[in-house]
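Report on the structure
This is what each chain is made of:
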Amino acid sequence: LVNTKSLDIEGFEFYLDKAMKIITNYLKNISIEPVVPKIDFYQLTDLLDCDIPMESTDMDKLFDEIEGNVVANCTKIGHPRFLAWLLTSPSPAGILGEFLNVGLSQVPASFKSAPSETILEDTVIKWFAEIFGYESGYGGSLTSGGTMANMTCLAAAREKHFPGAMKKGIHGVQKPPVLYVSDQGHGCIERAASMLGFGSEAVKRVPTDSSFRIRIDSLVQQIYKDRDEGLAPFCVVAQVGSSNTGSIDPLVELANICKENGLWLHADAAYGGAAILTDEGREMLKGIQYADSIATDPHKWFFTPVEAGCCLVKNRRYLFDTFKTKDANLEDETATDYLNYGVQFTRASRAFKIWFAFRVYGLNTIAQVVKQNILLAREFAERLEKDGKWEVVAPVELSAVCFRYKDNQKKNLDSSVQDKIVKFVEESGEAFLTLAVLKGQTIIRACFTNHRTSSKDIDIIIDLLSKAIPKNI
Ligand SMILES: Cc1ncc(COP(=O)(O)O)c(C=O)c1O
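Residues numbered from 1 in each chain as written. Predicted model: local features only at pLDDT ≥ 70, side-chain atom pairs only at ≥ 80, totals over all residues. Heavy atoms only, no water.

**Structural notes on the overall build of the chain**
Our working definition: Numbering of helices and strands runs from the N terminus, with a helix taken as a DSSP run of H or I at least four residues long and a strand as a DSSP run of E at least two residues long. With C-alpha atoms as the basis for the radius of gyration, the globule rule is written as 2.2 Å multiplied by the number of residues raised to the power 0.38. Only heavy atoms enter the contact rule, under which two residues are in contact if any of them lie within 4.5 Å. Only the protein chains shown count as covering a residue, and every accessible area follows the Shrake-Rupley method with a 1.4 Å probe. Charged-residue counts in this description rest on Lys and Arg as positive and Asp and Glu as negative, His and the chain ends being excluded. Charge placement uses NZ in Lys and CZ in Arg. For Asp and Glu, CG and CD serve respectively.
A count of helical and extended segments in the chain gives 16 helices and 11 strands. Against the compact-globule benchmark of 23 Å for 473 residues, the chain has a radius of gyration of 24 Å, which places it among compact chains. When contacts within the chain are restricted to residue pairs at least 6 apart in sequence, those whose partners lie at least 24 apart make up 73%. Summed over all atoms, the accessible surface of the chain reaches about 23000 Å², with 53% contributed by carbon and sulfur. Averaging the positions of the 52 positive and the 61 negative side-chain charges in the chain gives two centres separated by 4 Å.

Structure, rendered in structure tokens:
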């Protein structure tokens, strides 16, 4: 007889409670801790690195280590003055949903492997389809984030325009495929193109206008030129909230161009998708329903904890034909076996936390927070302009504010000035903003995608910024 040992642990419930308390304390203190921990890489490695644990470690000791070294050295993404990159503050309901989800550890690859969570994913996909105006025949799946959602959508575009690419690859393609995105597009588009066998150089960057929107005349010229030169244009990627400035490409015009030229229109709404929940945003995103595919990120402006991206394809068939397993047949499908709709076989349920948080808050509440972020961004930009020391360098379309320190005496400030300002703010522990490069110019960027930020935080940041201006420039 085999002498068996399971991995069940004594005191599981006690430690589950303890884990909950750690999370509760972390969230309670989220507004008062330094936003970015003041510790360097070497110090933290000394604290956390340890030998491979061949023997058991005492749980209480481990929990002390977690509280003292891990939790204490987290970047407080949910801090009201964390306005860096495009990382958004996860909602407490989303955290609760994820907590439950991990406990259940379902694998929605097939209906059998996760019956209830398959239906939750169907439901969440249906909600997003409805939000963006897809009516029927659509398909989609939840992914790790925007990079994978964009890639999954572009894989479907590949199947439509180069049928059989899923089986044969694109070696047999006579003309080299090309796709278009503005010079403001996210780098994940090149990554997707290289993973899908097109190569990153197949992505043609199209110039933008003074509002950072794709220039339609340049796009059309480039398409004609590429065709004349024997290339095969097949797709345009529209920015629906570009990462730096939040610019939105003219979607209706792009849809018309794609229709006239037989191209797939993909909308990268990883950041800006949530704006559609607001009245103003709905107007700004007009035409998104014409896109053949849409990528959006629940883990950005829908405040879901990482990781959660969403890929939607207007015609389910192209997604299915891209990822179907050998014997799968769309006509025979009753339940959605999600392994046929994306890259992964074993996959986490990302639907649970979205489904849970949307139901806890209701989308009207999430819309209100998105709207308040948009208004706060405008307020911040106005305050900067009024202050006189700052120049807002891009229109505030959604909730990103791009600005730089200007010195009226000295026209050509080098980028190190903006860098010093950002460092000062970070080292104060009171806020966190980041640098970005916009058309070759180094700027400071504050992105309001945080449900805890208020006008009081703007006061603090404006004050900090003015203290941060280096004395001797
Ligand atoms: C417009 C846009 N697209 C795609 C991505 C990539 O998304 P993720 O980081 O979730 O993979 C980002 C990330 O910031 C983004 O802003």
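Following the structure, the description resumes.
**Quick notes on the sheet that holds strand S10 (residues 434–438)**
Note the cut-off: Strand pairing requires that DSSP identify at least two bridges connecting the strands. With axes taken as lines fitted to C-alpha atoms, and helix axes fitted only over the stretch in contact, angles between N-to-C directions fall between 0 and 180 degrees.
Pairing within the open sheet is antiparallel, and its four strands lie in the order S8-S9-S11-S10. On the outer flanks of this sheet lie strand S8 (390–392) and S10, each paired with one strand and no other. Across this sheet, the average inter-strand angle for adjacent strands is 45°, counted without regard to direction. Pairing geometry for S10 and strand S11 (residues 441–447), over five bridges, is antiparallel. In the sheet register, valine 437 faces S11, and the bridge partner there is threonine 442.

**Things to note about the site of the ligand**
So the rule is basically this: What makes a residue near a molecule or strand is one non-hydrogen atom of that residue sitting within 4 Å of it. Each polar contact in these results corresponds to two N or O atoms within 3.5 Å; when the atoms are within protein, one needs to be able to donate a hydrogen and the other to accept it, and residues that are neighboring in sequence are counted only if both atoms are side-chain atoms. Polar here means any residue outside two lists: the nonpolar Ala, Val, Leu, Ile, Met, Phe, Trp, Tyr, Cys and Pro, and the charged Asp, Glu, Lys and Arg; Gly therefore counts as polar.
Around the ligand, the structure places 14 residues, and the nearest of them are Gly146, Thr147, Asp268, Asp297 and His299. The separation between an oxygen atom of the ligand and a polar side-chain atom of lysine 300 is 2.9 Å. At three residues, the largest contribution of residues to the shell around the ligand is made by helix H6 (residues 146–161). For the shell around the ligand, the residue count by class is three nonpolar, eight polar and three charged.

**So, the side chain of serine 141**
Secondary-structure assignment places serine 141 in strand S1 (residues 139–143). Here the side chain of serine 141 touches tyrosine 341 through a polar contact of 2.8 Å, landing on its backbone oxygen. Aside from chain neighbours lying at most four places away, what touches serine 141 is Glu121, Ile125, Thr152, Gly309, Cys310, Cys311, Tyr338, Tyr341, Gly342 and Arg347.

**A look at the sheet that holds strand S2 (residues 177–182)**
Neighbouring strands of a sheet are bound in pairs by backbone hydrogen bonds; such pairs are parallel or else antiparallel. Reading across from one edge, S1-S7-S6-S5-S4-S2-S3 is the order of the seven strands in this open sheet, with mixed pairing throughout. Strand pairing shows two members of the sheet lacking a second neighbour, S1 and strand S3 (203–206), which therefore form its edges. The mean angle between the axes of side-by-side strands here comes to 20°, regardless of whether they run parallel or antiparallel. Both strand S5 (residues 264–269) and strand S6 (residues 293–296) contribute to a ladder of four bridges, which runs parallel. When the bridges of S6 are listed, histidine 266 appears paired with serine 293. The strands touched by helix H9 (residues 216–228) are S2, S3 and strand S4 (232–239); relative to S2, the strand with the most contacts, the crossing angle is about 170°.

**Structural notes on the packing of helix H4 (residues 92–104) against helix H13 (residues 351–361)**
So the rule is basically this: Should the near helix be turned anticlockwise from the far one by less than a right angle, the crossing is termed left-handed; should it be turned clockwise, right-handed.
One way to put it is that H4 packs onto H13 with a least axis distance of 8 Å and a crossing angle of 145°. Seen along the crossing, H4 lies across H13 with a hand that is right-handed. Here Pro92, Ala93, Gly94, Leu96, Gly97, Glu98, Leu100, Asn101 and Leu104 of H4 come into contact with H13, specifically with Phe352, Lys353, Phe356, Ala357, Val360 and Tyr361. Residue classes in the contact of H4 with H13 are distributed as 10 nonpolar, three polar and two charged.

No statement about biological role is implied by the geometric values presented.
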